[in-house]
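# Structural features, examined
What follows is each chain in one-letter form.
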Amino acid sequence: MSTEEIRAIELLTGVSYGRVATSMRAMPFVAPARHIVDEGRVLLRLHRGLGYHRACAGSVVAYCADNLNSGSENLWSVQFTGTAELVEPTEEQLAAFGPTPRTVDGEPFDPVYMRIEPRFVTVHALDYAAGTLGEHAGTRIDAPDGARATGSAGARADARAAERHLHHVA
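A brief report on the enclosed structure follows. (Residues numbered from 1 in each chain as written. Predicted model: local features only at pLDDT ≥ 70, side-chain atom pairs only at ≥ 80, totals over all residues. Heavy atoms only, no water.)

### Observations regarding the nonpolar core
Within the largest apolar cluster, 25 residues are counted, with the highest numbers of intra-cluster contacts made by Val-20, Leu-44, Leu-46, Tyr-63 and Phe-80. Non-local contacts of Phe-80, meaning those with residues more than four positions away in its chain, are made with Ala-8, Ile-9, Leu-12, Val-42, Val-61, Ala-62, Tyr-63, Pro-118, Phe-120 and Val-121. Counting residues in hydrophobic clusters, the runner-up holds five residues, among them Ile-36, Leu-43, Val-87 and Phe-97. (Core = buried A, V, L, I, M, F, W, Y, C linked by side-chain atoms within 4.5 Å. Buried < 20%, exposed > 50% of the residue type's maximum accessible area, 1.4 Å probe, protein only. Contact = heavy atoms within 4.5 Å.)

Structural data, given as structure tokens:
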């Protein structure tokens, strides 16, 4: 494993939820998912009733997780891209996932599990100097690769709202 892959795994183990992206009927979609990391692979738990697992199984997907709503001055996002396959988790893996939600959109939660074998792994970090987080809306922040990223209080609020919804659904 490369240094970046090891760092991505370390970061991913610090959060429980993320978003899986692929296409369904030639249209892109993103769905919330609960994840664990097992032997360098990402295992996802989704709600079977939404049918997203059918679009993901056997397809190339991207799975992204972050700490954007953490309030930390060191924000990060990781993305794993690879092929997803349906799996039956072991008892140990089920225990690592923890309890399942009771419902999704008012219907009983029916878990389905997928594994992603990462082919590409990326890590992005936004480091804010002490005291500047939220100080100026639209403040430009240097990303680690020299690219520019824009941070704003509104974007952080949107990320926090999305994360609250994510915890509700997965």
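### What about the side chain of Thr-22?
If you trace the backbone, Thr-22 turns up in strand 1 (residues 17-24). A polar side-chain atom of Thr-22 sits 3.1 Å from the main-chain carbonyl oxygen of Val-60. Sequence-distant contacts of Thr-22, defined by excluding residues within four places in its chain, comprise Met-27, Pro-28, Phe-29, Ala-55, Cys-56, Ser-59, Val-60 and Val-61. (Helix = DSSP H or I, 4+ residues; strand = E, 2+ residues; numbered from the N terminus. Polar contact = N/O pair within 3.5 Å; in protein donor to acceptor, adjacent residues only side chain to side chain.)

### Section: the environment of Ala-125
Turning to its location among the elements, Ala-125 is positioned in strand 8 (residues 111-127). Separated by 59 residues in the primary sequence, Ala-125 and Asp-66 place their C-alpha atoms 9.7 Å from one another.

### A word on unusual backbone geometry
The backbone phi angle of Arg-25 is positive, close to 50°, even though this residue is not glycine. In this structure, Arg-25 sits in the loop between strand 1 and strand 2 (27-38). Arg-25 gets classed as exposed once you look at its relative accessible area, which sits at 73%. Phi at Asp-105 takes a positive value of approximately 50°, unusual for a residue other than glycine. Along the chain, Asp-105 falls in the loop between strand 6 (103-104) and strand 7 (107-108). A residue is classified by how much of its surface remains accessible, and Asp-105, at 57% relative accessible area, is exposed.

### Details of the sheet that holds strand 5 (residues 74-86)
Here we have six strands rolled up into a closed barrel, ordered 1-2-3-8-5-4, and antiparallel in their pairing. Strand-to-strand twist of the sheet, defined as the mean angle between neighbouring strand axes without regard to direction, takes the value 40°. Two elements, strand 1 and strand 2, share eight bridges in a ladder whose sense is antiparallel. Paired with Ala-21 across the strands is Val-30, a residue of strand 2. Each of strand 2, strand 3 (41-47), strand 4 (60-66), strand 5 and strand 8 is contacted by helix 1 (residues 3-12), which is oriented at about 100° to strand 5, the strand it contacts most. (Pairing = 2+ DSSP bridges. Axes fitted to C-alpha atoms, helices over the stretch in contact; angles between N-to-C directions.)

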